[in-house]
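Fold and contact review
Chain by chain, the residues:
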There are 2 protein chains.
Amino acid sequence: MSDLILDEARFLEVLSESAQQFEAVLEDGLSNSVQPGEIARPGRLMDAMRHSALGGGKRLRPFLFAQSAALFSTDADPAAAACALELIHCYSLVHDDLPAMDDDKMRRGKPTVHIAYDEATAILAGDSLLTLAFDLMARETTHPDAAIRIELVRLLAAASGVGGMAGGQMFDLMAETQTPDQAQVQRLQAMKTGALLRFACEGGAVFGGANPSQTLALKRYGEALGAAFQLADDLLDLTADEAVMGKATGKDAEAGKGTLVNLMGEKAAREELDRLVGEAMACLAPFADKAAVLRRTALFVASRDH
Amino acid sequence: MSDLILDEARFLEVLSESAQQFEAVLEDGLSNSVQPGEIARPGRLMDAMRHSALGGGKRLRPFLFAQSAALFSTDADPAAAACALELIHCYSLVHDDLPAMDDDKMRRGKPTVHIAYDEATAILAGDSLLTLAFDLMARETTHPDAAIRIELVRLLAAASGVGGMAGGQMFDLMAETQTPDQAQVQRLQAMKTGALLRFACEGGAVFGGANPSQTLALKRYGEALGAAFQLADDLLDLTADEAVMGKATGKDAEAGKGTLVNLMGEKAAREELDRLVGEAMACLAPFADKAAVLRRTALFVASRDH
């Protein structure tokens, strides 16, 4: 086991070092310096974008992207492309927190963007983070091969838009009035949180120059990991202490939202979580000991007591 | 003059035919069919996106894109790339109309998206139109050359984001409390409405395979045209009849917003408009009679009594 699954303590170091690297790339991309093709960067809007995107989180999505790319032999640094993905995640949090959406006032122990600034600024900050993601992905410095960059733009757009994350948020809002069944909840989650996690792994493979069967294996790993991520989150929500999480918990249950745990029962949900982790591991078989970090990542995601 | 500037009646025919062609491409892109990489398209969200993007407008931005591309010898059809640009314009209208932004209830004689649906759906529809724009631009069917597609993604992102359109909307919101001077208003307008019009012309040149000096000429044409567009709009706003426009007019003046016409006076504004049209025409000199449509477009934009 020691070669195939990275030691947990070492994994946490690697995750933390990666997060610091991504933070530096994000700080650079979110500086006030006007970039080619731009006219001016309004200071207040840049501040709101930085408030959302800097100084927080484990940076799981860019980590998965970079680790997936690292399975293959590319000289290109995946950090910029990985951070383009993180910008999409950040925009989605800003817009999901808006009063008309989930109406959240705190996020990672800080006021949300529309509280710290105002609603109009939060809408524009989300729009601008979303747009900057595609800008960053398209830059020549992100990957030398234009064909790879454009494929990443296409995959990221499909994962983020009406048929992916944004569509999943729509299904989630509709679920407040029309209680979904298990298959509908699974689809909703595959879109709302799963699509970006899937892209992280599939996109990393594309960045690294994977062949089609390798890319498919990582896409499936990302799908299983995404489903495990959401199930672990739902299970955590059953028991977590509000102070530990830094946000309101038990909220889904209060709102009467059908989570998978509610629909399946806790025991079946824990079994399904184990099955998904096994599925994620199986997808990594072709990569042997090279995938030691990604195997540990699957275990990490499934035990979200952190 | 007859060879260098297209006859107005014929121009209006070409504009209308183009709008029909773009409408068909937009209908296709906004169908409920799930696309590669997507999981499902929520019907309500697709309806809201269609409400915004279909059945309205002169389609000036995609028209400029396609006409700029047509100056060069490419076999590729610019309609899909032109419609990607139009999707960006549509998203910006949906978000600008939101209660937290300009709070508009009518647009092109129809209820705005947040009135016809709800605020959360309007936020997501805008996000999804924005994302779909980059998806469409990135598709292989949009242009066979990946290097051209990725350059278009980058230019479109720079024109739309914090350093372009979205940043211009931020400056516009800030102008409600801090009255800007003439230079600040010109910068705001160059970003809020100018950047997309500039991209239409510059991006069309890139699509067509223009050389750098040709691309620069069209970029400058687009800048002059964008400034003329806004000035003509401000002048129209002084006198237009509400019923003719289908939206509230005189609104900028009521809100005490500093328009260029207010700051310069009407006479100087009309002289500046003439100067800008002359500048736009001068940029087209290298293209001789090939630019007959674009010359008429500049005159059309400057006389917005339609």
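That block above? That's the structure.
Residues numbered from 1 in each chain as written. Chains lettered and ligands numbered in written order. Predicted model: local features only at pLDDT ≥ 70, side-chain atom pairs only at ≥ 80, totals over all residues. Heavy atoms only, no water.

Glancing now at the overall build of chain A. Scanning chain A from terminus to terminus reveals 15 helices and 2 strands. Rg of the C-alpha trace for chain A: 19 Å, near the compact-globule value of 19 Å for 306 residues, within the 12% margin. Principal axes of the C-alpha set define a box for chain A whose edges measure 55 × 45 × 35 Å. Expressed as a percentage of its 306 residues, the buried residues of chain A come to 59%. Relative to all contacts within chain A whose residues are 6 or more apart in sequence, the contacts with residues 24 or more apart total 73%. Accessible surface computed for chain A: about 11,800 Å², of which carbon and sulfur atoms make up 50%. In chain A, 29 side chains carry a positive charge and 44 a negative one; their mean positions are 2 Å apart. (Helix = DSSP H or I, 4+ residues; strand = E, 2+ residues; numbered from the N terminus. Rg over C-alpha atoms; globule rule 2.2 N^0.38 Å. Buried < 20%, exposed > 50% of the residue type's maximum accessible area, 1.4 Å probe, protein only. Contact = heavy atoms within 4.5 Å. Areas by Shrake-Rupley, 256 points an atom, 1.4 Å probe, with all protein chains shown as cover. Lys, Arg positive; Asp, Glu negative; His and termini not counted. Charge placed at Lys NZ, Arg CZ, Asp CG, Glu CD.)

Now for the packing of aromatic side chains. Applying the stated rule across the entire model yields 11 aromatic pairs over all chains. Plain terms: the ring middles of Phe65 of chain B and Phe207 of chain B are 5.8 Å apart, the flat faces sit at 70° to each other, and that makes the pair edge-to-face. You can see Phe65 of chain B sitting in helix 3 (residues 60-69) and its partner Phe207 of chain B sitting in helix 9 (residues 182-208), a full 142 residues away along the chain. Relative accessible area serves as the criterion here: at 0%, Phe65 of chain B is assigned to the buried category. Pairwise contacts between aromatic rings join Phe11, Phe63 and Phe300 of chain A into one cluster. (Phe/Tyr/Trp six-rings, centres within 6.5 Å; stacked < 30°, edge-to-face > 60°.)

Residues and elements named next belong to chain A. Following the sequence through the fold, Arg59 ends up in the loop between helix 2 (43-53) and helix 3 (60-69). Take Arg59: its relative accessible area is 3%, and that puts it in the buried class. A distance of 2.7 Å separates the side chain of Arg59 from the backbone oxygen of Ala53, its partner in a polar contact. Apart from residues lying up to four places away in sequence, Arg59 is in contact with Ala19, Phe22, Glu23, Leu26, Ala53, Leu54, Glu86 and Cys90. (Polar contact = N/O pair within 3.5 Å; in protein donor to acceptor, adjacent residues only side chain to side chain.)

Relating one copy of the chain to the other takes a rotation about an axis and a shift parallel to that axis. Under the fitted operation, chain A is carried onto chain B by 0.0 Å of movement along the axis and a turn of 180°, and the coordinates agree to an RMSD of 0.0 Å. What the superposition gives is, in effect, a two-fold axis relating one chain to the other. Take the interface residues of chain A: 100% of them recur as interface residues in chain B, which is what a same-surface contact looks like. (Least-squares fit on C-alpha atoms with pLDDT ≥ 70 in both.)

Glancing now at the environment of Arg149 of chain A. Assignment of secondary structure puts Arg149 of chain A in helix 7 (residues 146-160). With a relative accessible area of 5%, Arg149 of chain A lands in the buried category. Here the alpha-carbon distance between Arg149 of chain A and Cys201 of chain A, two residues 52 residues apart in the chain, equals 15 Å. In this view, Arg149 of chain A contacts Met137, Ala138, Arg139, Glu140, Thr142, His143 and Pro144 of chain A together with Ile150 of chain B; residues no more than four positions away in its chain are not counted.

Under the definition given, this model contains 32 salt bridges over all chains. Residue Glu38 of chain B pairs with Arg41 of chain B through a salt bridge whose shortest N-O separation is 2.7 Å. Arg41 of chain B matches Glu38 of chain B in its accessibility class, with the two residues each being buried. Put simply, Arg10, Glu13 and Glu17 of chain A are held in one network by salt bridges that share partners. (Salt bridge = Lys/Arg side-chain N within 4 Å of Asp/Glu carboxyl O.)

Attention shifts here to unusual backbone geometry. Residues and elements named next belong to chain B. One non-glycine residue, Arg59, lies in the positive phi region at around 60°. Positive phi values are uncommon outside glycine, yet Ala288 reaches one of about 45°. Mapped onto the elements of the fold, Ala288 is located in the loop between helix 14 (266-283) and helix 15 (292-302).

This next bit is on helix 3 of chain B. All names here are of chain B. Of all 10 residues that make up helix 3, 10 are buried, and the element is covered over most of its length. Within helix 3 the residues assigned to the buried category are Leu60, Arg61, Pro62, Phe63, Leu64, Phe65, Ala66, Gln67, Ser68 and Ala69. Packed against the buried residues of helix 3 are helix 1 (8-29), helix 4 (79-96), helix 7 (146-160), helix 9, helix 10 (212-239) and helix 15.

Taken together, the 52 residues of chain A in the interface contact 52 residues of chain B. The contact between chain A and chain B buries some 4,600 Å² in all, and 77% of this surface belongs to carbon and sulfur atoms. The largest per-residue losses of area from chain A upon contact with chain B belong to Ile39, Ile150 and Val162 of chain A, which jointly make up 15% of the total buried on that side. Linking chain A with chain B are 0 salt bridges, by the criterion used here. (Buried area = accessible area lost by both parts, 1.4 Å probe.)

Before going further, it helps to examine the nonpolar core. Within the largest apolar cluster, 210 residues are counted, with the highest numbers of intra-cluster contacts made by Leu218 and Tyr221 of chain A together with Leu218 and Tyr221 of chain B. Not counting residues within four places of it along the chain, the set of residues in contact with Leu218 of chain B comprises Ser68, Leu71, Phe72, Cys201, Glu202, Ala205, Leu284, Phe287 and Leu294 of chain B. (Core = buried A, V, L, I, M, F, W, Y, C linked by side-chain atoms within 4.5 Å.)

Moving on: the environment of Ala224 of chain B. All names here are of chain B. Mapped onto the fold, Ala224 is located in helix 10. When its relative accessible area of 1% is taken as the criterion, Ala224 is described as buried. Expressed as a C-alpha distance, the spacing of Ala224 and Ala40, which sit 184 residues apart in the sequence, is 42 Å. In contact with Ala224, other than residues within four places in its own chain, are Leu276, Glu279 and Ala280.

Where helix 6 (residues 119-138) of chain A meets helix 7 of chain B, the axes come as close as 8 Å, and the angle between the chain directions of the two elements is 145°. Our pair here, helix 6 of chain A against helix 7 of chain B, has a crossing hand that is left-handed. In this structure, helix 6 of chain A contributes Thr131, Phe134, Asp135 and Ala138 of chain A to the contact, and helix 7 of chain B contributes Ile150, Val153, Arg154, Ala157, Ala158 and Ser160 of chain B. Counted by class, the contact of helix 6 of chain A with helix 7 of chain B contains 6 nonpolar, 2 polar and 2 charged residues. (Axes fitted to C-alpha atoms, helices over the stretch in contact; angles between N-to-C directions. Left-handed = near helix turned anticlockwise from the far one by under 90°. Nonpolar A, V, L, I, M, F, W, Y, C, P; charged D, E, K, R; others polar.)

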